Amino acid sequence: MFNNLTERLESAFKNLKGEARINDLNIANTVKDIRRALIDADVNYKIAKEFTDRVKEKATGEKVINAISPGQLMVKIVQDELTDLMGGTEATFDITGNPAVVLIAGLQGSGKTTFSGKLANYLKGQKKSPLLVAADIYRPAAIDQLKVLGEQINVEVYSEPETKDAVAIAQNAIKEAKTKNKNVVIIDTAGRLAIDEAMMTEVADIKTAVNPTEILFVVDSMTGQDAVNTAKAFNDRLNFSGVVLTKLDGDTRGGAALSIKYTVNKPIKFVSSGEKLDTLDVFYPDRMAQRILG
Ligand code: GDP
């Protein structure tokens, strides 16, 4: 994951090898390399610049301490800043309520349905009793896909193939959950290839009708800067509670992971790296920062 970014950062720090102490010149050179590495990883220029300005400021402030090597000092500063950029601490995931309602939104192909299955499986492992809801009224195949996933993990899937009203389906699903003692309702909504008004209105209407405890925006991390723009559009409309970054197992450069929190000020809550249903991971900014630094 993020191999290129990791290599580029490593080589930025390598240039400090043999330097006895940190000084304005070697800080400036390292910071420049770090900025280039971030921009090449698809981090927006402004974010990369602010990031490296902070790194520079911290390194300059510490240059007299000199207890550790310049390379180690820089790695530590960058690790702390990466952690902060991705949200600092682990975000909470609220599934209180009877039932708790989790609304899943995102573009088609982002990995929403797969994630819904993974989340249901994860919650089962936490001794919860989830109900999956297929609220895509446009693609019958989406209902079938969710049913197949539900069977694999032994979680019931609620659907109304004949109903052309996603809000009604979501409301009925919650009633169903109550009668069947399901305590978390996961609503997989329709996705489109691009953001469009009708889709946004529909998912916003579902939100108003069912008052979710969590609204998760699912985004394909492979889409780089587009991921961040899509996140902004969905957040403007839905004010979602968290982000799910999918396809981290692919050849993704890292820009989405690094920029989303900054851009929409919402935490990444889960990451998904694979199609198998048991690969859902809670997102920890500090661990991700460590992985990025190799
Ligand atoms: P949806 O249209 O948003 O519901 O997206 P799907 O869940 O159908 O996923 C679209 C495609 O991406 C499918 O072929 C999935 O198997 C695949 N996919 C979903 N999540 C991941 C992931 O984390 N890693 C990889 N490699 N593929 C994924």
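Rules used in this analysis
- Residues numbered from 1 in each chain as written.
- Predicted model: local features only at pLDDT ≥ 70, side-chain atom pairs only at ≥ 80, totals over all residues.
- Heavy atoms only, no water.
- UniProt positions renumbered as here; feature names shortened; annotations may be inferred.
- Helix = DSSP H or I, 4+ residues; strand = E, 2+ residues; numbered from the N terminus.
- Buried < 20%, exposed > 50% of the residue type's maximum accessible area, 1.4 Å probe, protein only.
- Contact = heavy atoms within 4.5 Å.
- Areas by Shrake-Rupley, 256 points an atom, 1.4 Å probe, with all protein chains shown as cover.
- Lys, Arg positive; Asp, Glu negative; His and termini not counted.
- Charge placed at Lys NZ, Arg CZ, Asp CG, Glu CD.
- Axes fitted to C-alpha atoms, helices over the stretch in contact; angles between N-to-C directions.
- Parallel < 35°, antiparallel > 145°, perpendicular 65-115°, else oblique.
- Left-handed = near helix turned anticlockwise from the far one by under 90°.
- Nonpolar A, V, L, I, M, F, W, Y, C, P; charged D, E, K, R; others polar.
- Pairing = 2+ DSSP bridges.
- Core = buried A, V, L, I, M, F, W, Y, C linked by side-chain atoms within 4.5 Å.
- 1 Å grid on protein atoms, 1.4 Å probe; cavity = no way out; pocket = protein on both sides within 12 Å on 5 of 7 lines; lining within 4 Å.
- Points joined across faces, edges and corners; volume = space filled by probe spheres on them.

- The name given to the protein in an unreviewed UniProt entry is Signal recognition particle protein, and the organism recorded there is Parafilimonas terrae.
- Recorded under Catalytic activity (unreviewed entry), the UniProt text for the protein is reproduced unchanged: "GTP + H2O = GDP + phosphate + H(+)".
- Annotation of the protein in UniProt includes, under Subcellular location (unreviewed entry), the sentence "Cytoplasm".

Examining the overall build of the protein
Phase 1: Scanning the protein for helices and strands turns up 11 helices and 8 strands.
Phase 2: In terms of principal-axis extent, the alpha carbons of the protein reach across some 70 × 40 × 30 Å.
Phase 3: A total of 294 residues make up the protein; the buried ones form 51% of that total.
Phase 4: Of the contacts made within the protein by residues no fewer than 6 positions apart, 78% connect residues no fewer than 24 positions apart.
Phase 5: Carbon together with sulfur atoms contributes 47% to the accessible area of the protein, which is approximately 13400 Å² in total.
Phase 6: A gap of 3 Å separates the mean positions of the 38 positive and 39 negative side-chain charges of the protein.

Notes on the packing of helix α9 (residues 225-238) against helix α10 (residues 255-264)
Phase 1: Direction vectors running N to C along α9 and α10 enclose 30 degrees, while the axes themselves pass 9 Å from each other. Judged on the interaxial angle alone, α10 and α9 are roughly parallel. At the point where α9 passes α10, the crossing takes the right-handed sense. Counting all contacts with α9, which are made through Ala227, Val228, Ala231, Lys232 and Asn235, the residues of α10 involved are Ala256, Ser259, Ile260, Thr263 and Val264.
Phase 2: Taken together, the residues that form the contact of α9 with α10 break down as 6 nonpolar, 3 polar and 1 charged.

Considering the sheet that holds strand β5 (residues 214-220)
Strands in a sheet are paired, the pairing made by backbone hydrogen bonds, and the direction either parallel or antiparallel.
Phase 1: Pairing in this open sheet of 8 strands is mixed, and the strands run β3-β2-β4-β1-β5-β6-β7-β8 from one edge to the other. Two strands close off the open sheet at either side, each with one partner strand: β3 (157-158) and β8 (280-282).
Phase 2: Note that strand β7 (residues 268-272) and β8 share 3 bridges and pair antiparallel. Within β8, the residue paired with Phe270 across the bridge is Val282.
Phase 3: Relative to strand β2 (residues 130-135), helix α6 (residues 140-153) is tilted by about 165 degrees, and along the sheet it contacts β2, β3 and β4 (184-189).
Phase 4: In this fold helix α8 (residues 197-210) packs onto β1 (100-106), β2, β4 and β5, with an angle of close to 170 degrees to the strand it touches most, β1.

Things to note about the nonpolar core
Phase 1: One finds Leu5, Met74, Leu82, Ile187, Phe234, Leu258 and Ile292 to be the most contacted residues of the largest nonpolar core, which totals 74 residues.
Phase 2: The dominant element in this core, judged by the number of residues it contributes, is helix α7 (residues 166-179), at 7 residues.
Phase 3: Formed by 24 residues, the second largest nonpolar core is a distinct cluster that contains Ile95, Val102, Leu132 and Val155.

Observations regarding the layout of surface pockets
Phase 1: Its volume calculated, the largest pocket comes out at about 380 Å³.
Phase 2: What lines the largest pocket is a set of 26 residues, and nearest its centre among them are Gly109, Ser110, Gly111, Thr114 and Lys247.
Phase 3: For the lining of the largest pocket, the leading source of residues is helix α5 (residues 112-125), giving 4 residues.
Phase 4: Of the residues in the lining of the largest pocket, the class split is 5 nonpolar, 13 polar and 8 charged.
Phase 5: Here the second largest pocket is characterised by a volume of approximately 200 Å³.
Phase 6: Lining the second largest pocket are Met1, Leu248, Asp249, Val271, Ser273, Asp281, Val282, Phe283, Tyr284, Arg287, Met288 and Arg291.
Phase 7: Among the secondary structure elements, those contributing two or more residues to the lining of the second largest pocket are β8 and α11 (285-292).
Phase 8: No other element matches α11, which puts 3 residues into the lining of the second largest pocket.
Phase 9: Here the lining of the second largest pocket is composed, by residue class, of 7 nonpolar, 1 polar and 4 charged.

Some points on the packing of helix α3 (residues 45-62) against α10
Phase 1: Contact geometry of α3 with α10 gives a least axis separation of 10 Å together with a crossing angle of 95 degrees. The orientation of α3 with respect to α10, classified from their angle, is roughly perpendicular. Mapping the contact onto sequence places Lys46, Ile47 and Glu50 in α3 and Ser259, Tyr262 and Thr263 in α10.

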